[in-house]
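# Fold and geometry: a report
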Amino acid sequence: MQTHILGYPRIGSNRKLKKACEQYWSGKTSLQELLETGRNICQENWKTQQEAGIDLIPCNDFSYYDQVLDMTLTVGAIPKRYNEVALKTSNSELDLYFAMARGYQKDNLNITAMEMTKWFDTNYHYIVPEFYKDQEFKLFSNKIVNEFVGAKQAGINAKPVIIGLVSYLLLGKEKEKGFDKLDLAPKLLPVYIEILQELQTQGAEWIQFDEPFLALDLSEKAKETYQFIYNEIRKKFPKLKFIVATYFEGLKDNLSLANTLLIDALHIDLVRCEEQLDDVLNTLPKNRILSLGVVDGRNIWKNDFEKSLQLIKKVTDKLGSEKTFIASSCSLLHSPCDLDLEISLDTDIKQWLSFAKQKLTEVSLLKELSENTSDENILNAYEENKKAIANRKSSALIHHNDVKLRVDSINETDSRRKNSFLIRKEAQEKVLNLPLFPTTTIGSFPQTKEVRSWRAQFKKGILSSEDYKYLLKEETQKTIQWQEKIGLDVLVHGEYERNDMVEYFGEQLAGVTFTKKGWVQSYGSRCVKPPIIYGDVYRPHPMTVYWSQYAQSLTDKWVKGMLTGPVTILQWSFVRDDQPRSITCQQIALAIRDEVRDLENAGIRIIQIDEPAIREGLPLRKSGWNDYLKWAIEAFKISSCGVNDATQIHTHMCYSEFNDIIQSIAEMDADVITIECSRSQMELLNAFADFKYPNEIGPGVYDIHSPRVPSKEEMVELLQKAQKVIPASRLWVNPDCGLKTRHWDETEKALIAMVSASKEASLSYNANTLETVN
């Protein structure tokens, strides 16, 4: 029996990689210093796993930005618009890599970043590969081999982790019509062969191919491509050992396909789909190893050893220990690094938790326990595990009867506005009196070093509550005045009192706790600390009313109240696993509903309830969509439908494909939806146009996840594209997302250009309308 994990967090303790990347991007450190930080993180990760007793330790799970972008650079799938960047950065492939991720705006070049979207149903974002008809591939980067060699030199029994060829193609996007990206498989295969040949030469024994799409709905062509690719790879490498890793769902109807692949081991996720085990055991080819993903890589609850050991025993009884691997369900990328760093967590709650480092120990202990060890320390650990699991089940911290009763009393009227959108629109126009192409932002403004330092000083007790509040008020006032000055129509208060759009609310909700160091990567250098929802959720007091009301008092223009929606709070948290997620979501929805009503009573007439995670939460198999969408959309409506017709409800969604759930988005019945559109050059808007989406839309006109500042002309062009598919009377003008991570100089230039673009679009529209009338 052997142990392994599918990947390990690459950000390092205390977000070491984030800080190193951002210092390099700002020119404060050298390339060599950044590369040294990366090497150190790899060494630390390998050593941690080795000390925990992991047998097959992954390499190439480290990335400076994103593992999919790593593969794109490796196989030379570099869009042609970066050719000049490649020349400018010829001494550093990493600079080209960052240009692809973040855009490039210097040396007289002005090049947009590649698209970014969610990694399956997680809050991790990957950079989308771009594919073209008859595209050629070549080995461009030796990262995979270099990391294996580095691990070997460090004395590590390394298992290179590579995104499987078919999954890599399916993760990408056809950038021209008339071909299928799967047609590129024969052209891409030689590059994979070249990589594997070099790994074999360097002494690699096991190779992990990540093929998450094997757990999704597949076309017949995709199934044929899988068989072709793995047949060809096996022909070339009869002695290499291949493990195909599936995760986030069960194989289900793809089980027979997985069984035909010429591989040595198959990994299955028994956390997300335990019910697949019997079918897999009954059909697994002779001599194939089965890797059991029993330790949850996506959540932070301590593993229930008793339950996991039952699953392991079922497998070893059938296959034998030598044909059984014990593993994490997926990469531990989605878990915080180390629970030992948390010194202020409630001790009762802390005993229920396990972070990435602790999950390594869980994997190793499960191996020892399944082999009937007599080691007293291991048996004591088993007893401690049973006590923690029992303690959590019976804890009074978890249950709140008033919350349960309120959820039970939810009825249809709680999730329905009083009147239809057209009637509400008329009422809102009378009250709000907004111009054509109204401009706004998504909510947050740059959180400068000063703002972050104030928060840190306040938390440490260096700044008093009054002094902290005074500084935030000053910053809010400056932001309101600046927005008025440049001519924005609907303002925001800037959210300077907030650390994160989910964390801020989680800190004020009962049934939720927080870590100090529990960071996970969201994209690039962006890290978040997800709330831990451990019990019944309710709102003890108003959360945002004070700052919204203060901001509104500073201006005659409308200021939006800014809230995070129930589905997004759920999706971006570590959620309790002792009740259905739908129930937890309803509890959060009722808390947000109370906040919405309080904002309206305080005179806030535009309230935005952000739901960027609606699409992300969609089950990976279509068979589960209807059930999820029913409770997710209902939760949003519970939170938003307690207001009068004249109060305008906005929602925001970003980095998602909307085509297949557009009906459900319409059922949310938000008065205005703002969406990310700039990276796709308004392509995402087509779904709303084809559906004839009835309410108002704000398609993002510039990409805030890139430091690149777009010109007014670019934004005008995007607005012209938008007007071709959405009536001008229903269009808003806004950025793709919040501006918290940007610098003020970028923000000022971009928003001034955006306001100017809106005015030009309005003038052009009015002129064309007049000409048509004449």
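Rules of the game
Counting restarts for each chain, with residues numbered from 1 along the sequence as it is written. A pLDDT threshold of at least 70 governs which residues receive local features in this predicted model, and a stricter bar of 80 or more applies before side-chain atom pairs are shown or counted, although totals over entire chains, interfaces and linings include all residues. The side-chain quantities take in all heavy atoms of the structure and omit both hydrogens and water. UniProt positions are given in the numbering used here, feature names are shortened, and annotations may be inferred rather than shown by experiment. Throughout this description, the term nonpolar core refers to a set of buried Ala, Val, Leu, Ile, Met, Phe, Trp, Tyr and Cys residues connected via side-chain atoms within 4.5 Å. Exposure is judged per residue with a 1.4 Å probe applied to protein chains only, and the accessible area is read against the type maximum: over 50% gives exposed, under 20% gives buried, and values in between give partly exposed. Per the convention used, a helix needs a DSSP run of H or I reaching at least four residues, while a strand needs a run of E reaching at least two, with both numbered from the N terminus. In this description, contact between two residues means that some pair of their heavy atoms is separated by no more than 4.5 Å. By this definition, two strands are paired if DSSP reports at least two bridges between them. Cysteine sulfur atoms that come within 2.5 Å of each other are treated as a disulfide pair. Note on aromatic contacts: the rings of Phe and Tyr and the six-membered ring of Trp form a pair at centre separations within 6.5 Å, being stacked when their planes are under 30 degrees apart, edge-to-face when over 60 apart, and tilted otherwise. Within this document, salt bridges are pairs made up of a side-chain nitrogen of Lys or Arg and a carboxyl oxygen of Asp or Glu, the two lying within 4 Å of each other. One less than the number of residues in a helix, times 1.5 Å, gives the span that helix is expected to have. Pairs of N or O atoms are called polar contacts if they sit within 3.5 Å, as long as, within protein, a hydrogen donor faces a hydrogen acceptor (for residues adjacent in sequence, only side-chain-to-side-chain pairs). The angle between two axes is taken between their N-to-C directions and runs from 0 to 180 degrees, where each axis is a line fitted to C-alpha atoms and a helix contributes only its stretch in contact.

The name an unreviewed UniProt entry gives the protein chain is 5-methyltetrahydropteroyltriglutamate--homocysteine methyltransferase, with Tenacibaculum sp. Pbs-1 as the organism. Listed under Catalytic activity (unreviewed entry) in UniProt, the entry text for the protein chain is "5-methyltetrahydropteroyltri-L-glutamate + L-homocysteine = tetrahydropteroyltri-L-glutamate + L-methionine". Within the UniProt record for the protein chain, the comment given under Pathway (unreviewed entry) is "Amino-acid biosynthesis; L-methionine biosynthesis via de novo pathway; L-methionine from L-homocysteine (MetE route): step 1/1."

## Considering the nonpolar core
The tendency in soluble globular proteins is for nonpolar side chains to be buried side by side. Ranked by internal contacts, the top residues of the largest apolar core, which has 131 residues, are Ile162, Tyr168, Leu196, Leu199, Phe209 and Leu290. The dominant element in this core, judged by the number of residues it contributes, is helix α8 (residues 185-201), at 9 residues. When neighbours within four sequence positions are excluded, leucine 290 is seen to be in contact with Leu266, Ile268, Leu277, Val280, Leu281, Leu284, Val315, Leu319, Lys323, Thr324 and Phe325. One finds Ile486, Val492, Leu629 and Val643 within the second-largest nonpolar core, a separate group that totals 101 residues.

## Describing the pairing of strand β10 (residues 206-210)
Of all 5 residues in β10, 5 are buried, a share of seventy percent or more. Where burial is concerned, the two faces of β10 agree: the one with Trp206, Gln208 and Asp210 and the one with Ile207 and Phe209 are both buried. As paired strands, strand β8 (residues 158-163) and β10 are joined by 3 bridges and run parallel to one another. Looking at β10, one finds that valine 161 is bridged to glutamine 208. As paired strands, β10 and strand β11 (residues 241-245) are joined by 5 bridges and run parallel to one another.

## A few points about the state of the cysteines
Applying the stated criterion across every chain yields a total of 0 disulfides. Free of any disulfide, cysteine 21 has its nearest cysteine sulfur in cysteine 527, 9.6 Å distant. Residue cysteine 21 is classed as buried on the basis of its relative accessible area of 1%. In this structure cysteine 641 is not part of a disulfide, and its nearest cysteine sulfur, from cysteine 585, lies 14 Å away.

## Digging into the sheet that holds strand β19 (residues 532-538)
The 3 strands are arranged β16-β19-β22 in an open sheet whose pairing can be described as mixed. A single partner strand is all that each edge strand has here, and the edge strands are β16 (510-513) and β22 (574-575). With 3 bridges connecting them, β16 and β19 associate as antiparallel partners. What sits directly across from alanine 510, in β19, is tyrosine 538.

## Some details on the packing of aromatic side chains
Counted by the stated rule, this structure contains 25 aromatic pairs. Ring centres 4.8 Å apart and planes at 85 degrees place the aromatic pair tryptophan 119 and phenylalanine 120 in the edge-to-face group. Given a relative accessible area of 4%, tryptophan 119 falls into the buried group. Between phenylalanine 445 and tryptophan 744, the ring centres sit 5.4 Å apart and the planes meet at 25 degrees, which makes this aromatic pair stacked.

## Some words on the pattern of salt bridges
Taken as a whole and judged by the stated rule, the model has 51 salt bridges. Residue arginine 234 is joined to aspartate 264 by a salt bridge in which the shortest nitrogen-to-oxygen separation is 2.7 Å. Placement of the pair is arginine 234 in helix α9 (residues 220-236) and aspartate 264 in the loop between α10 (255-260) and β12 (265-269), with a sequence separation of 30 residues. On the basis of relative accessibility, which here comes to 14%, the residue arginine 234 falls in the buried class. Via salt bridges that share partners, Lys404, Asp536, Arg576 and Asp578 belong to a single interconnected network.

## Examining α8
Between its first and last C-alpha atoms α8 spans 24 Å; for 17 residues at 1.5 Å apiece the expected length is 24 Å, and the two agree. Along α8, the residues that are buried comprise Ala185, Leu188, Leu189, Val191, Tyr192, Ile193, Ile195, Leu196 and Leu199. Positioned one or two residues after α8, glycine 203 has a phi angle of 100 degrees, which is positive.

## Notes on the environment of arginine 298
Within the fold, arginine 298 resides in the loop between β13 (289-295) and α12 (305-319). A sequence separation of 176 residues divides arginine 298 from threonine 122, and the C-alpha atoms of the two residues are 8.6 Å apart. Not counting chain neighbours up to four residues away, the residues in contact with arginine 298 comprise Asp121, Thr122, Phe248, Arg272, Cys330, His334 and Phe574. Only 3.0 Å separates the side chain of arginine 298 from the backbone oxygen of aspartate 121, close enough to count as a polar contact.

## Quick word on the sheet that holds β8
Across the sheet, which stays open at both edges, the 8 strands sit in the order β1-β14-β13-β12-β11-β10-β8-β2 with parallel pairing between neighbours. Whereas interior strands pair on both sides, the edge strands pair on one side only; in this sheet they are β1 (2-4) and β2 (57-59). Neighbouring strand axes in the sheet, compared pairwise and without regard to direction, differ in orientation by 30 degrees on average. Where α12 meets the sheet, it contacts β13 and β14 (324-328), and its direction lies at approximately 175 degrees from that of β13.

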